[in-house]
Each structure stands twice: as structure tokens, then as C-alpha cells.
Amino acid sequence: MTLEGEYEPSAHEWVRNQVAEYEASGGTRANTLLDTGIPIVVVTMRGAKSGKIRKIALMRVEHEGEYAFVASAGGAPKHPVWYHNLLRHPDEVLLQDGPEPAPVTVREITGAEREMWWSRAVSVYPPYEEYQSRTDRQIPVLVASCRG
Ligand code: F42
């Protein structure tokens, strides 16, 4: 499964290398965050302005077939750019968690639903809590559901 369009690799070399290795190995290599041993997933999307195909890696936060995408960007003052892409094109998203990417629909969550997913995300990757303490922005949480 692919999205039609011109692929523009991430501006971050370590991210584009991790995405490339993950895809080339069918998710058997480069499938954790550096040496933490914590699993990641690869998300393919359409750029909000360029319309190009963009790919990023995110921590794997999964529950009953749905996934949370946490727009932490390490606690940076601004949301990561991919957050705007996903809001602009929520139905042009692929999620790769293993050998093959699959189509998903993405939506931002708030309130109690966000709190529930936030605690799931922090239990997978505790540094998210630290990232939130570094910034005044509330770190957005999106949920990806399989698109039939
Ligand atoms: N980032 C997270 O936020 N959360 C995570 O859980 C996470 C885990 C993770 C695990 C492994 C790994 O290797 C990286 C991980 N990252 C995580 C980092 C993540 O993959 C992204 O690199 C990071 O969040 C920054 O995303 P970004 O979309 O802000 O990337 C920037 C640097 C970027 O690529 N900018 C491009 C550029 O040319 O400067 C533009 C990209 C783009 O999408 N442009 C849009 C377009 O239209 O094409 C325009 C969008 C607009 O509105 O301007």
C-alpha cells in the first residue's frame, strides 16, 4: 500500500535513515528508538502545503488495534510539522507496524479520551511526561484507526 506522489524525506537525517531501514527490512530492523528497545512505527502522510509524501517515525502506542500519535517533538515550543499534515489530510495516512503499511484514518482527541491515551503513551515512553513539562503548549494526541 502506498500514497501517490513525490516522496520528500525528513529534514532530520536520523529520522529518514530510520524510516528507510525500517521499510527496507519489513520492520525487522531499526524498529526501536535508538538503543532504548522501545518499539516505533512509521507513518506516511501527505504534506499540508507541498502535497508531497512525508514519512516519520513515532513511538508505538497501540491499544486494541488503534494507535496514538503523540506530537511531542521532544518538548519543543511548537508542534511538529507533521501534526499539521495529519490534520489537513487525515484520510491519506499509512501506518507501518511490521512488514507492510496499512491505511488509517487519524483524528485529534481531547478531554478524557486524550487523558486515557496520554497515560498509555507515558507508560510506553515515560519521557513524554518530561517533554510536556518543557513546554507551555499542550502536546497534541491523535488516534489512528484502521481504514477498511
Ligand atoms: N516525534 C514525535 O513528535 N513523537 C514521537 O513519538 C517520536 C518518536 C520517534 C521515534 C524514532 C524517531 O526516529 C523519531 C521520532 N520522532 C518522534 C521524531 C519524528 O519522526 C519527527 O522527526 C519529529 O517529530 C519532527 O517532525 P516534523 O514534521 O516537524 O519534521 C520536520 C523537521 C521536517 O521534516 N520539516 C520539513 C522541512 O523541510 O523543514 C517539512 C516537513 C513537512 O511536512 N512540510 C509540510 C509539507 O507540506 O510538505 C508543510 C507543513 C506546514 O504546515 O508547514
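Residues numbered from 1 in each chain as written. Predicted model: local features only at pLDDT ≥ 70, side-chain atom pairs only at ≥ 80, totals over all residues. Heavy atoms only, no water.

A. Fine view of the pairing of strand β1 (residues 40-46). The buried fraction of β1 amounts to 7 of the 7 residues, a majority that puts the element mostly inside the structure. Residue alternation in β1 divides its side chains into two sets, Ile 40, Val 42, Thr 44 and Arg 46 and Val 41, Val 43 and Met 45, and both sets are buried. By the bridge criterion, 7 bridges tie β1 to strand β2 (residues 53-59) in an arrangement that is antiparallel. Paired with Thr 44 across the bridge in β2 is Lys 55. Linking two consecutive strands that pair antiparallel, namely β1 and β2, is a turn of 6 residues; a positive phi of about 75 degrees is found at Gly 51 within it. Here β1 runs beside strand β5 (residues 93-96); their pairing, made up of 3 bridges, is antiparallel. (Buried < 20%, exposed > 50% of the residue type's maximum accessible area, 1.4 Å probe, protein only. Helix = DSSP H or I, 4+ residues; strand = E, 2+ residues; numbered from the N terminus. Pairing = 2+ DSSP bridges.)

B. Representation of the environment of Arg 54 in the model. With respect to the element layout, Arg 54 can be found in strand β2. If sequence neighbours within four positions are ignored, Arg 54 has contacts with Tyr 7, Glu 8, Pro 9, Val 43, Thr 44, Met 45, Gly 47 and Asn 85. (Contact = heavy atoms within 4.5 Å.)

C. Geometry of the site of the ligand. Around the ligand, the structure places 27 residues, and the nearest of them are Gln 18, Lys 49, Ser 50, Asn 85 and Tyr 128. One nitrogen or oxygen atom from the main chain of Met 59 is found 3.3 Å from an oxygen atom belonging to the ligand. Calculation on the ligand without its partners gives an accessible area of 1000 Å², and the protein chains cover 80% of this total. When each cavity is represented as a set of grid points, the ligand is found to reside in the largest pocket. Secondary structure elements with two or more residues in the shell around the ligand: α1 (13-24), β2 and α2 (81-88). In terms of residue count, the dominant contributor to the shell around the ligand is β2 (5 residues). (Near = heavy atom within 4 Å. Polar contact = N/O pair within 3.5 Å; in protein donor to acceptor, adjacent residues only side chain to side chain. Areas by Shrake-Rupley, 256 points an atom, 1.4 Å probe, with all protein chains shown as cover. 1 Å grid on protein atoms, 1.4 Å probe; cavity = no way out; pocket = protein on both sides within 12 Å on 5 of 7 lines; lining within 4 Å. Sits in = over half its atoms within 2 Å of the grid points.)

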